[in-house]
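The lines below spell out each chain.
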Amino acid sequence: MDRLRKTAAAGDDAVISGADVRRPASAPRLPAWLRAIGLRGAILWLGLVLAALLAVPGRTVTTKYVNDLFIFLDGAHRVWSGQVPNIDFHTSLGPLAFYIPAAGYGLSGAMGAAMPVGMALVVLVIAVIASEVIASRMRVLIGLPLAVFLLLIAAVPANPGEWIGELTFAMFYNRIGWACLGLLLVMYLPRQPYQPRRDVLDALCAACLSLLMLYTKITYGLMAVAFLVFLLLDRRQRGWAAIALGAIVASVAVIGLVWQGSLNHIADLRLASSVSGELPGLRVMMDIVLKNFADIAVYAIFAMALLLFRWRLRDLLFVGFCAASGLLIIEQNFQIVGILTLGASAAVIAELLLRAELPSRRRTWTKGLPLLLPMLLVPASASHAVSLAMHAVYAVSGKGEQMALPGFEGIRLVPMWSQGQYDFFRRYNTSIADGSAALARLDGPVERVAVLDFVNPFSAGMALLPPVGDSPWYHWGRTLDREHYPLPEDIFADVALIMDPKSPIEVWTANGMREIYADYMASRYRLVAETSDWRIYRRTP
C-alpha cells in the first residue's frame, strides 16, 4: 500500500490537471489556449458557454413531448403559488424536479424561460464540481472530452438516444442523473497526486452530486449511495467516502425536518412502484443489450483490458457496477439507447491503465485504449451539441407555433423530422386553446381546475390557483392503474372544475381516470359546458 501511495504521489507519467501539466516528450502537444487556462479553467468556461446557450435566448423550443414539458411548468407554478412537493401535491419525483424550473421562473419572470434558465443553473453547478473532480484525477486528453460529454448530457434539451433536433425539456431529470452519476464514477480514481488533505473537498463534491440525484429522481440517488458504499472497500478512498456518506445522512435528516414531506414522498414512491416497479425480465434486458450492442462491445474491450492487465477484485466490481447500474437505469427510463455510464467508466479505465506500472509490452497495448474512447463519447457529444445549438437558434429566431395559453408566451412548437408528430402536438395546442376559451365563457369564477388527462396545462397557462392534494401528472400504467390510484377524496378535495378531454394527449390515462373516478364525479359534479374538445363539470353546492 505504501508503494502504491508513493506511485500515486509521484504521478507516474500521467498528465496532471490544471495548468500544472506534465507529459512525456512523445505525448501530443496541447493547444496554447488549453495550456494557458488549464483543465479546470477549460471545464468552467465550457459550463459557462453551455449555460449561456440555454439561458440567454430566454425561450423554450420543443418539437415533442409537450405534455411532459407542462408537468414541470405546472410544478413551477405550484411552487410560486406557495405549494410544497409531497405536502400540497403528490409526486414520485424528487422536489428538485420542481424547484429547478421554479428557480428558472423566478429568475426570468417568464414560463417560457423557466426550463432553460433552471437547467443553465444546474449546468453551472455540475461544471464547478466537474472542474474539481475531473481536473484532479485525469489527464487533459481524457478529462476534457469526458467533461464535454457529461456537461452536454446535462445541458441538451433532448431525450438521450433520440434523433438530432428532437428538442424537448421532458424528462430532464434523467439527463441530470446520467451526468451526475457519470461524474461520480470518475471518483473511483484516486487524486493525482495523492492529497489526503483534499478528502473533505472530495466528500463535499460526492455528497452534492448524490443529493442532487436523490432529490431529483431517487433511482439515481440510490445508485450514487451504493457506489459510495462500494468505495469504502478502497483504503485510499475510504476516508472521503465515509465523510460523504455521513454528510448525505445528515443532509437528508435536515432536509426532512425542513421539508416535512419525506414520508409522503416515500408513500408516493410506493404507489408508483406498485404500478410499474417490477424488476425487468430476461427478455427485456436482452432487448436492451441488443439495442446498445455497439457501445457494450466497445466497453467490453476496456473492461477486459483492465481485468487482464491490472487484475483486482475491486476493478471487477467497478466494471460490474457501471454496467449493471446503466442497464437498470435505462430499462426504467423512457429511453431506448444510450447507456451513458459506459462512456464515463471507459474513461476511468483508460486513466487507470495509463497510470499503472505495467511491463513495456502491456503498456504499449494500454496506450491505444484512449483511441477507442471517442467511439463511446463522440457520437452522443456531437448529437447533443447540434441539438443544443439548434435550440438556441430556434429560440432566437422566434420560429414555430406559439403555445395557446397566455402564461406560456415564449414557448414555441417547431416542426422537425416527423410531420405527423408535429401535427399531433399542434392538435393538442388547438384543444388547449378551445378549453381556455370555454373556461373564459363560464358563468361565475374560474377556480381550481383538474384535468382527466396526463397533465393539466390550465393552472400555469392561465395563472389559476392550483388544486391541493392532486398530482402534476398522471400516467396510466406508470403512476396509476385500476388497482392502485390516488383516492378521489384527495385529488378532487378542493377542485371546483373538472375538464374531461374528448381528444386527450394520452388516451389510456384519460379513459382510465374516467373509469375509476366516474362514481365520485357523478355524485358531486354536473356538466356545465361542452365544446368540440371538452366537457366541463362544476362541483355541485
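All figures in this text were calculated on a predicted structure; none of them were measured in a lab.

Parameters at a glance
- Counting from 1, residues in each chain are numbered in the order their sequence is written.
- In view of the model being predicted, local features appear only for residues whose pLDDT reaches at least 70, and side-chain atom pairs are presented and counted only at 80 or more, with totals across whole chains, interfaces and linings using the full set of residues.
- With hydrogens and water set aside, each side-chain value is computed from the structure's full complement of heavy atoms.
- Between any two strands, pairing holds if DSSP finds at least two bridges.
- Elements are defined by DSSP. Helices are runs of H or I of four residues or more, strands are runs of E of two residues or more, and each kind is numbered from the N terminus.
- Whenever a helix is involved, its axis is fitted only over the stretch in contact; in every case the axis is a line through C-alpha atoms, and angles between N-to-C directions fall within 0 to 180 degrees.
- Between 65 and 115 degrees an angle is taken as roughly perpendicular, under 35 as roughly parallel, over 145 as roughly antiparallel, and anywhere else as oblique.
- Contacts between residues were defined by any pair of non-hydrogen atoms, one from each residue, lying within 4.5 Å.
- Only Asp, Glu, Lys and Arg are considered charged, only Ala, Val, Leu, Ile, Met, Phe, Trp, Tyr, Cys and Pro nonpolar, and every remaining residue, Gly among them, polar.
- In plain words, nonpolar cores are sets of buried Ala, Val, Leu, Ile, Met, Phe, Trp, Tyr and Cys residues tied together by side-chain atoms within 4.5 Å.
- Three exposure classes are used, based on accessible area relative to the maximum for each residue type with a 1.4 Å probe and protein chains only: buried under 20%, partly exposed in between, and exposed over 50%.
- In summary, the pairing rule links any two rings of Phe, Tyr or Trp, Trp by its six-membered ring, whose centres are within 6.5 Å, and it sorts them by plane angle into stacked for under 30 degrees, edge-to-face for over 60 and tilted for everything else.
- Definition used: whenever NZ (Lys) or CZ (Arg) falls within 6 Å of the ring centre and also within 35 degrees of the ring normal, the charge is taken to sit over that ring.
- The pocket and cavity definitions rest on a 1 Å grid over protein atoms only: a 1.4 Å probe that fits but cannot leave marks a cavity, an open set with protein on both sides within 12 Å along at least five of seven lines marks a pocket, and residues lining either have an atom within 4 Å of a point.
- Grid points are joined across faces, edges and corners, and a volume is the space filled by probe spheres set on the points.

(A) Layout of the sheet that holds strand 2 (residues 401–402). Read across the open sheet, the three strands follow the order 1-3-2; overall the sheet is mixed. With one partner strand each, in any of the chains shown, strand 1 (60–62) and strand 2 form the two edges of the open sheet. Looking at chain direction, strand 2 and strand 3 (residues 411–413) are connected through two bridges and run antiparallel. Bridge pairing in strand 3 links Q402 to R412.

(B) Layout of the packing of helix 9 (residues 218–231) against helix 14 (residues 313–332). Between helix 9 and helix 14, the shortest axis-to-axis distance is 11 Å and the interhelical angle comes to 175 degrees. By the angle class used here, helix 9 and helix 14 are roughly antiparallel. Every residue of helix 14 that contacts helix 9 at T219, Y220, M223, A226, F227 and F230 is listed here: R314, L317, F318, F321, S325, L328, I329 and Q332. Broken down by class, the residue content of the contact of helix 9 with helix 14 amounts to 10 nonpolar, three polar and one charged.

(C) A look at the nonpolar core. Judged by nonpolar contacts, the single largest core of 150 residues is most densely connected at I134, L146 and F318. At 12 residues, helix 6 (residues 140–155) tops the list of elements feeding residues into this core. Those residues in contact with F318, other than ones at most four positions away along the chain, are L185, Y188, F227, F230, S345, V348 and I349. Grouped together as the second largest cluster of nonpolar side chains are 16 residues, L480, Y517, Y520 and Y525 included.

(D) Structural context of the pairing of strand 6 (residues 525–530). Bridge count for strand 6 against strand 7 (residues 534–539) is five bridges, and the pairing is antiparallel. Across the sheet, residue L527 finds its bridge partner in strand 7, namely Y537. The hairpin formed by strand 6 and strand 7 contains three residues between the paired strands.

(E) Spotlight on the packing of aromatic side chains. Tallied over the entire structure, the rule returns 22 aromatic pairs. Each ring, one from F70 and one from Y428, has its centre 6.2 Å from the other, and the planes form 40 degrees; the classification is tilted. Of this pair, F70 sits in helix 3 (residues 66–80) while Y428 sits in helix 19 (residues 419–441); the two residues are 358 residues apart in sequence, bridging distant segments of the chain. Grouping residues by exposure puts F70 and Y428 together as buried. Through successive ring pairs, a cluster of aromatic residues spans F72, F89, F98, F172 and Y173. Positioned above the aromatic ring of F89 is the side chain of R78, whose terminal nitrogen or guanidinium carbon lies 5.1 Å from the ring centre.

(F) Quick peek at the pairing of strand 7. Bridging between strand 5 (residues 497–501) and strand 7 involves five bridges; their strand directions are antiparallel. Within the sheet, the bridge partner assigned to D500 lies in strand 7 and is R535.

(G) Just the environment of E447, in detail. Of note, E447 is situated in the loop between helix 19 and strand 4 (449–451). The contact partners of E447, leaving out residues within four places of it in the chain, are L464, A496 and L497.

(H) Local environment of empty space enclosed by the protein. Under the criterion given, the structure shown has two cavities of 30 Å³ or more. One number sums up the size of the largest cavity: a volume of about 100 Å³. Along the walls of the largest cavity sit 15 residues, with A450, V451, D470, S471 and Y474 positioned nearest its centre. When residues in the lining of the largest cavity are grouped by element, the largest group, three residues, is from strand 4. Within the lining of the largest cavity, the residues separate by chemical class into 11 nonpolar, two polar and two charged. Here the second largest cavity is characterised by a volume of approximately 50 Å³. R137, P190, R191, Y194, Q195, D199, D202, R236, Q237 and W240 together form the lining of the second largest cavity. The set of elements that each furnish at least two residues to the lining of the second largest cavity consists of helix 8 (199–214) and helix 10 (235–259). Among the elements that take part in the lining of the second largest cavity, helix 10 stands out by supplying three residues, more than any other. Looking at side-chain class alone, the lining of the second largest cavity contains three nonpolar, two polar and five charged residues.

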